[in-house]
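Breakdown of the fold
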Amino acid sequence: KAGVTQTPRYLIKTRGQQVTLSCSPISGHRSVSWYQQTPGQGLQFLFEYFSETQRNKGNFPGRFSGRQFSNSRSEMNVSTLELGDSALYLCASSPDRLSNTEAFFGQGTRLTVV
Amino acid sequence: AQSVAQPEDQVNVAEGNPLTVKCTYSVSGNPYLFWYVQYPNRGLQFLLKYITGDNLVKGSYGFEAEFNKSQTSFHLKKPSALVSDSALYFCAVRDYPNSGYALNFGKGTSLLVTP
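Structure report, in brief. All values reported here derive from a predicted model rather than from experimental measurement.

A short note on the packing of aromatic side chains
- Taken as a whole, this structure holds 14 aromatic pairs over all chains when the rule is applied.
- Measuring from centroid to centroid gives 6.1 Å for Phe 105 of chain A and Phe 105 of chain B, while their planes differ by 70°, and the two rings are edge-to-face. On the criterion of chain membership, the pair formed by Phe 105 of chain A in strand 10 (residues 104-105) and Phe 105 of chain B in strand 11 (residues 104-105) is interchain, its members lying in two chains. Neither Phe 105 of chain A nor Phe 105 of chain B differs from the other in exposure class; each is buried.
- An aromatic cluster of at least three residues, connected via ring pairs, comprises Tyr 35, Phe 45 and Phe 105 of chain A together with Tyr 36, Phe 46, Phe 90 and Phe 105 of chain B.
- Note that Lys 78 of chain B overlies the ring of Phe 63 of chain B, its terminal NZ or CZ placed 5.0 Å from the centroid.

Have a look at this one:
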């Protein structure tokens, strides 16, 4: 079974631009979550989608948005990029929203804003 | 509110010796606790989880974790460390349903196993 796939793996963008990251969950998984990982702040929750609906949102500005498609694939978008948005963005999928279910992570997209 | 603390930024251990990576948590409701490992330039790999039941949880690659409710701790252990265990380890808690489905991660502990 294929794991969580994130594309692209690496991105370099200029301040003020926008970027879209993609995540394909494990087949059959319906919940997709996004996390930002930086050396200073560690791993922070961005948002979670289930059945094409955003169920949770972390403490990030409105420049960060996402969506989920009917096949459970998800995208996140960051508009008006800032230098501080440079990070590893991780996508995780789960088969359901049961409290005891672990999340499976992709390898991440490393975004560098210059 | 939920939180996770990993008090050690780095743990050093000699190969063959037992290892412990510490984690304490704070949640409003029942804790759902997880351990993940991250190798350089990779995503997080799931190691084990505690839900309810036995306080000693066994996971992947010979790792286990001990849940202690009174001390609100969930320490990761391995009886005999390998050099290949060197990586970054994260403890995470899900405070469901209070904080939804999100995982709240600790800052991570870098484990270095020397030959």
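Notes on the interface of chain B and chain A
- Listed per partner, the contact involves 21 residues of chain B and 25 residues of chain A.
- Around 1900 Å² of area is buried between chain B and chain A when both sides are counted, 52% of it from carbon and sulfur atoms.
- Sorting the residues of chain B by area buried against chain A places Leu 44, Tyr 101 and Phe 105 of chain B first, and these three jointly supply 30% of that buried surface.
- Taken together, chain B and chain A are joined by 1 salt bridge.
- Between Lys 49 of chain B and Glu 102 of chain A there is a salt bridge; the shortest N-O distance is 2.7 Å.
- On inspection of chain B and its partner chain A, the count reaches 11 residue pairs in polar contact (both at pLDDT 80 or more).
- When residues of the side of chain B that touches chain A are traced back to their parent elements, those giving at least two are strand 5 (32-38), strand 6 (44-50) and strand 10 (87-94) of chain B.
- Broken down by element, the side of chain B that touches chain A gets its largest block of residues, 4 residues, from strand 5 of chain B.

Observations concerning the environment of Thr 109 of chain A
Residues and elements named next belong to chain A.
- Here Thr 109 shows up in strand 11 (residues 109-113).
- Thr 109 gets classed as buried once you look at its relative accessible area, which sits at 0%.
- Not counting residues within four places of it along the chain, the set of residues in contact with Thr 109 comprises Gln 6, Thr 7, Pro 8, Arg 9, Leu 11, Leu 21, Ala 87, Leu 88 and Tyr 89.
- One polar contact links the side chain of Thr 109 to the main-chain carbonyl oxygen of Pro 8, over a distance of 2.5 Å.

Let's talk about the nonpolar core
- Ranked by size, the top nonpolar core spans 27 residues in total, and within it Trp 35, Leu 47, Leu 48, Phe 74, Leu 76 and Tyr 89 of chain B carry the most contacts.
- At the level of secondary structure, the elements contributing two or more residues to this core comprise strand 2 (10-14), strand 3 (19-21), strand 5, strand 6, strand 8 (64-68), strand 9 (73-78), strand 10 and strand 12 (109-114) of chain B.
- Looking at this core, the element that brings in the most residues is strand 10 of chain B, giving 4 residues.
- Filtering out sequence-adjacent residues up to four positions away, Leu 47 of chain B remains in contact with Trp 35, Tyr 36, Val 37, Gly 59, Ser 60, Tyr 61, Phe 63, Leu 76 and Tyr 89 of chain B.
- Formed by 21 residues, the second largest nonpolar core is a distinct cluster that contains Val 19, Val 32, Phe 60 and Tyr 89 of chain A.

Considerations on unusual backbone geometry
Residues and elements named next belong to chain A.
- Thr 7 connects to Pro 8 through a cis peptide bond whose omega is -10°.
- Within the secondary structure layout, Pro 8 lies in the loop between strand 1 (5-7) and strand 2 (10-13).
- You will see that Glu 52, though not glycine, has its phi angle at about 70°, which is positive.
- With respect to the helices and strands, Glu 52 occurs in the loop between strand 5 (42-50) and strand 6 (53-57).

Parameters and conventions
- Residues numbered from 1 in each chain as written.
- Chains lettered and ligands numbered in written order.
- Predicted model: local features only at pLDDT ≥ 70, side-chain atom pairs only at ≥ 80, totals over all residues.
- Heavy atoms only, no water.
- Phe/Tyr/Trp six-rings, centres within 6.5 Å; stacked < 30°, edge-to-face > 60°.
- Helix = DSSP H or I, 4+ residues; strand = E, 2+ residues; numbered from the N terminus.
- Buried < 20%, exposed > 50% of the residue type's maximum accessible area, 1.4 Å probe, protein only.
- Lys NZ or Arg CZ within 6 Å of the ring centre and 35° of its normal.
- Contact = heavy atoms within 4.5 Å.
- Buried area = accessible area lost by both parts, 1.4 Å probe.
- Salt bridge = Lys/Arg side-chain N within 4 Å of Asp/Glu carboxyl O.
- Polar contact = N/O pair within 3.5 Å; in protein donor to acceptor, adjacent residues only side chain to side chain.
- Core = buried A, V, L, I, M, F, W, Y, C linked by side-chain atoms within 4.5 Å.

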